[in-house]
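In case you want the letters, here they are:
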Amino acid sequence: MTWIIIIVCFLFVFFLYGYLSHFHLVTKNYEIDTEGRTGEHTIAVLADLHNCHHGKNNEKLLNRIRESGADTILIPGDMVVKHCYTKDKKVQEVLSLLRTLCRKYAVYYSPGNHEIRMADYENYKNELEHVGVRYAENRELFFADAGIRIYGLDLPLEWYREYRPLTVSQLGIFLNKTRADQRKHFTILLAHDPRHFEAYTTWGADLTVCGHVHGGILRLPLIGGVLSPYLRLFPKYDAGMYEKDGKRMIVSRGLGSHHVKFRWFNPPELVIIRLR
């Protein structure tokens, strides 16, 4: 009987900790040398908010962004939750956050697998444009006076439902650009799913910004994330910075959750990238 009580208490504390961690926002900083191709810029990355919030009217999140000295916002998808409507209260809260950000920052946003499954996706995109967001669905945007090209990747839903390695030629077709021009510009790719890192770098992205994996939900010391959104154990690209041939990918642990409202040893994070 004593052991049963101990196990029940342990499970209660374990799940309570996982739930409360969902509200403990942290900031993760990265510095990247662009080898003189850009000036100095500070970028805040907002990924996988999933209709959640940090403080009333997201004031906690907004304060963290202000404190970082950011001049640009990058969003690699999943700010909302699938099948919701633009008129829903939580989606309106997301739009309110974006409206506030657009008053001070340039905001670049590419879709994740949840945006493209919204019940009224076209209406949501219209609202994003109305509040001032630069929305990139498989197209190129120019970061004015910065020497930076930003591309937003919009993968069809079947690429999320069934994993298939993305080739460089397929990526070029999606983005309408065979290869990134690296001679003149530093190239940033917003790509929700990090599993295609090799294709992103070979295509020519100097920096790829991703989310999607939520840090693996549960993180273990020396091991990292345990579970991917596809219920696969120990995803290869779960969180942090990865490098190949001098090019980098940063994977955010995300700002929120949807189906599983637990984050064990894996608090939500605001990613700050400083280009030097």
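Everything below is about the structure printed above this text.
Before going into details, it helps to say that this report is about the structure given with it. Numbering of residues starts from 1 in each chain and follows the order in which that chain's sequence is written. Totals for whole chains, interfaces and linings use every residue, but because this is a predicted model, local features are given only for residues with pLDDT of at least 70 and side-chain atom pairs only at 80 or more, for both listing and counting. Hydrogens and water molecules were not included; the side-chain quantities draw on all heavy atoms of the structure.

### A closer look at the layout of surface pockets
Summary: where empty space remains is shown by rolling a probe the size of a single water molecule over the atoms. Estimated volume of the largest pocket: approximately 420 Å³. The definitions used throughout rest on a 1 Å grid laid over the protein atoms alone, on which a cavity is an enclosed set of points accommodating a 1.4 Å probe that cannot get out and a pocket is an open set flanked by protein within 12 Å on both sides along at least five of seven lines; lining residues are those having an atom within 4 Å of a point. Around the largest pocket, the lining comprises 26 residues; the ones closest to its centre are H114, P229, Y230, H258 and H259. Nonpolar residues are Ala, Val, Leu, Ile, Met, Phe, Trp, Tyr, Cys and Pro. Charged residues are Asp, Glu, Lys and Arg, and all others, Gly as well, are polar. A class-by-class count of the residues in the lining of the largest pocket yields 10 nonpolar, 10 polar and six charged. Grid points are joined across faces, edges and corners, and a volume is the space filled by probe spheres set on the points. The calculated volume of the second largest pocket comes to roughly 270 Å³. Around the second largest pocket, the lining comprises 17 residues; the ones closest to its centre are Y163, R195, Y230, R232 and P235. Taken together, the residues of the lining of the second largest pocket break down into nine nonpolar, one polar and seven charged.

### Looking at the pairing of strand β9 (residues 207-210)
Successive residues of a regular strand alternate their side chains across the two faces of the sheet. The side-chain alternation of β9 yields two buried faces, one formed by L207 and V209 and the other by T208 and C210. At least two bridges found by DSSP between two strands are what make those strands a pair. A run of H or I in DSSP counts as a helix once it spans at least four residues, and a run of E counts as a strand once it spans at least two, with each numbered from the N terminus. One ladder, built from three bridges, connects strand β8 (residues 186-190) with β9; its direction is parallel. When the bridges of β9 are listed, L190 appears paired with V209. Relative accessibility decides the category of a residue: with a 1.4 Å probe and only protein chains considered, values under 20% of the type maximum give buried, values over 50% give exposed, and everything between is partly exposed.

### Thoughts on the side chain of T34
Among the secondary structure elements, T34 is positioned in the loop between β1 (26-32) and β2 (41-45). By relative accessible area, which is 1% here, T34 ends up buried. Of the polar contacts made by the side chain of T34, one reaches the side chain of T38; its length is 3.0 Å. Throughout, a contact is declared for two residues whenever any of their heavy atoms are within 4.5 Å. Not counting chain neighbours up to four residues away, the residues in contact with T34 comprise F186, L275 and R276. Counting of polar contacts relies on pairs of N or O atoms within 3.5 Å, with two restrictions inside protein: one atom must be capable of donating a hydrogen and the other of accepting it, and residues adjacent in sequence are counted only when both atoms are side-chain atoms.

### Regarding the sheet that holds strand β4 (residues 106-109)
Here six strands make up an open sheet; going across it, the order is β1-β14-β2-β3-β4-β5 and the pairing mixed. Strands at the two margins of the open sheet, each flanked by one partner only, are β1 and β5 (134-135). As judged from the four bridges shared by strand β3 (residues 72-75) and β4, these two strands associate in the parallel manner. The residue bridging I75 from the neighbouring strand is Y109, located in β4. Only C-alpha atoms enter the line fits that serve as axes; for helices the fit covers just the stretch in contact. Angles between N-to-C directions range over 0 to 180 degrees. Lying on the sheet, helix α2 (residues 59-68) is in contact with β1, β2, β3 and β14 (269-275); it crosses β14 at an angle near 20°.

This is a description of form; function is not addressed.
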